[in-house]
Amino acid sequence: MKNKNITYKNSISSSLTGNKKNDKFNKEFKKILYEIQTNLDYPGDFFYTLSKKFKLNFNIKNLYKYKKFKSVIFVGMGGSILGSEAIYSFLKKKIKKNFSFINDINVEKLQKIKNKSKKLFIIISKSGNTIETISNFLTLGIIKKNAKNIILISEKNNNPLYLISKKMKLHHIEHRKYVGGRYSVMSEVGIIATIFMGLNINKMRKNILMHFKSNKNFLKDSTTKLTKIYQKNYYKNLIFLNYVPQLEKFLFWNQQLIAESLGKKNKGFLPLISNVPKDHHSLLQLYLSGPKDKIFYIFSEEKIKSPKIKNSKSMDVRLTFLKNKTLGQIKKAQKNALIMNLKKNGIPFREFRIKNTNEETLGELFSYFMIETAIIGKLANINPFDQPAVEQIKENTKKLLKQ
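Conventions we followed
Residues numbered from 1 in each chain as written. Predicted model: local features only at pLDDT ≥ 70, side-chain atom pairs only at ≥ 80, totals over all residues. Heavy atoms only, no water. Helix = DSSP H or I, 4+ residues; strand = E, 2+ residues; numbered from the N terminus. Rg over C-alpha atoms; globule rule 2.2 N^0.38 Å. Buried < 20%, exposed > 50% of the residue type's maximum accessible area, 1.4 Å probe, protein only. Contact = heavy atoms within 4.5 Å. Pairing = 2+ DSSP bridges. Axes fitted to C-alpha atoms, helices over the stretch in contact; angles between N-to-C directions. Right-handed = clockwise from strand over helix to strand, strands pointing away. Core = buried A, V, L, I, M, F, W, Y, C linked by side-chain atoms within 4.5 Å. Salt bridge = Lys/Arg side-chain N within 4 Å of Asp/Glu carboxyl O.

A.B. asks: Could you give me a rundown of the overall build of the protein, with the residues and numbers involved?
C.D. replies: For the protein, the count of helices and strands is 13 helices and 10 strands. The C-alpha radius of gyration computed for the protein amounts to 23 Å, which stays within 12% of the reference 22 Å derived for 403 residues, consistent with globular compactness. Seen through its principal axes, the protein has C-alpha atoms that stretch 70 × 65 × 50 Å. Looking at the protein as a whole, 52% of its 403 residues qualify as buried. For the protein, the share of sequence-separated contacts (at least 6 apart) that also reach a separation of at least 24 residues comes to 79%.

Put into structure tokens, the structure is as follows:
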């Protein structure tokens, strides 16, 4: 069945992964995919948020009282906020309200927020202990008993964020303990953002299971090849060549997903976002003639609405090839010229061509990369759901602050 929203394509030579077929590897893929597909219908499974049986743990009607707010500010770190920011960035033209995101310790950004009582603040931390999130929340100075412009999202246990919500009687929504932050975009975390942005939740979830059926062959080809490359530990860099500006925040979400899930046991991929064609004039020389340690992910769009170059009497005769061309056609030609070079030189790349800018496309992208990343981790015998090195830094930070 032809995909209406995204075209998926791999151009990764079998010589990079070993020419011999690995039947054991293929059997393992089928086993893992079957386990994910079978178990996701059970509440408590890591991928339950992708299930058709998924149920929200809050009543949507309880959010209606917040619709009066025209400005919404999300405060969080990593997976708690990157997904919501990706949704906003990709579908911004459909969204009428103003949204902003505080995902770092940025004093200047905090100080610029005015008329706080007229803004809705959504504070998100899975553990309820995230130092940056809590520090920003406290610095905002908005905590008041029964405040009507604050929603807190965290696990429902003995953590600071939940305890604040109980003590100050603030609206709290439970973050499911078994859903990791970077895999949480299809849970309450991302759905709440979707609701306040006035987007269609059902459309966002429409295509999230297609990778078990119509897109299964691509998923199999991708995960088996990438796992072999991962195990060889030679091609270590994933360069996201982004020809779609509205996808940039999604790529930052994807960067965290891949880096934290697979960066273990002295192996991993380093995902880097490269905005093109701008970077054709700064990094392309290195990409094409530098170390052969990169796999390129090309993100482009098929429908680019852009103005034509106006014909002018002053136009130099050497520029006649630009007459009546749109800026979109120029960008597409640059992308195709790059692909020609990659093919000629046997450089591995993947293509993701966006056909429609809508909720279905974004939901499909979110679910694809979550499933692909998890399967690669399982095929490589690592845990794609933890981040032990990150937890060490968190603990050391707390120790230093307690001195």
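A.B. asks: Could you give an account of the sheet that holds strand β6 (residues 171-174), naming the residues involved and the relevant values?
C.D. replies: Strand order across the open sheet formed by five strands is β3-β2-β4-β5-β6, with parallel pairing between neighbours. A strand with exactly one partner marks an edge of an open sheet, and here the two such strands are β3 (98-102) and β6. If you compare each strand with its neighbour and ignore which way they point, the axes differ by 20° on average. In terms of strand pairing, strand β2 (residues 71-75) meets strand β4 (residues 119-124) through five bridges, oriented parallel. Note on β4: the bridge partner recorded for V75 is I123.

A.B. asks: Tell me about the sheet that holds strand β10 (residues 349-354), and name the residues and values.
C.D. replies: Pairing within the open sheet is mixed, and its five strands lie in the order β1-β10-β9-β7-β8. Of all the strands in the sheet, the pair left with one neighbour each is β1 (6-11) and β8 (270-275). Pairwise comparison of adjacent strand axes, ignoring direction, gives a mean angle of 15° for this sheet. Two elements, β1 and β10, share six bridges in a ladder whose sense is antiparallel. Within β10, the residue paired with S11 across the bridge is F349. In the packing of helix α8 (residues 216-232) onto the sheet, contacts are made with β1, β9 (294-301) and β10, and the angle to β1 comes to roughly 40°.

A.B. asks: Outline helix α6 (residues 188-196), supporting the account with residue identities and numerical values.
C.D. replies: The buried fraction of α6 amounts to nine of the nine residues, a majority that puts the element mostly inside the structure. Buried within α6 we find E188, V189, G190, I191, I192, A193, T194, I195 and F196. Backbone geometry just downstream of α6 places G198 in the positive-phi region, at approximately 75°.

A.B. asks: How would you explain unusual backbone geometry if you had to name every residue and give the values?
C.D. replies: The omega torsion of the bond from V276 to P277 falls at 15°, within 30 degrees of zero and hence cis. Topologically, P277 is positioned in the loop between β8 and α10 (284-289). Even without glycine at this site, N115 takes up a positive phi of about 50°. Position of N115 among the secondary structure elements: in the loop between α3 (107-111) and β4. For N381, which is not glycine, the phi torsion reads 60° and is therefore positive.

A.B. asks: Explain the side chain of T49 to me, and be specific about the residues and the numbers.
C.D. replies: The residue T49 is located in the loop between α1 (23-39) and β2 in this model. Apart from the residues within four sequence positions on either side, T49 is in contact with F54, V179, Y183, M186, S187, R205 and I208.

A.B. asks: Got a sec to walk through the pairing of β2? Specific residues and values, please.
C.D. replies: Consecutive side chains of a regular strand alternate in pointing toward one face of the sheet and then the other. Counting buried positions along β2 yields five of five residues, so the element is predominantly enclosed. Going residue by residue along β2, you find S71, I73 and V75 tucked away on one face and V72 and F74 tucked away on the opposite face as well. Two elements, β2 and β3, share five bridges in a ladder whose sense is parallel. Looking at the pairing, I73 lines up with S100 of β3. After leaving β2, the chain enters helix α2 (residues 79-90) and then returns to the sheet as β3, a path that is right-handed.

A.B. asks: Tell me about the nonpolar core, and name the residues and values.
C.D. replies: One finds I122, F250 and F369 to be the most contacted residues of the largest nonpolar core, which totals 89 residues. Per-element tally for this core: the top contributor is helix α12 (residues 359-379), with 11 residues. With residues up to four places along the chain from it excluded, the contact list for F369 reads F250, W253, N254, L257, Y297, F299 and F352. Of all hydrophobic cores here, the second largest spans 17 residues; its members include I123, I134, F137 and A147.

A.B. asks: I'd like a rundown of the pattern of salt bridges, residues and numbers included.
C.D. replies: What the rule picks out here adds up to 15 salt bridges. For K294, the salt bridge is made with D293, and the minimal N-O distance between the two is 2.8 Å. The pair K294 / D293 is uniform in exposure class, with both members buried. Of the charged contacts, one joins K394 and E391 as a salt bridge, the two residues approaching to 3.6 Å between their closest N and O atoms. On the criterion of helical spacing, the pair formed by K394 and E391 is a turn pair, its members being three residues apart in helix α13 (residues 388-402).

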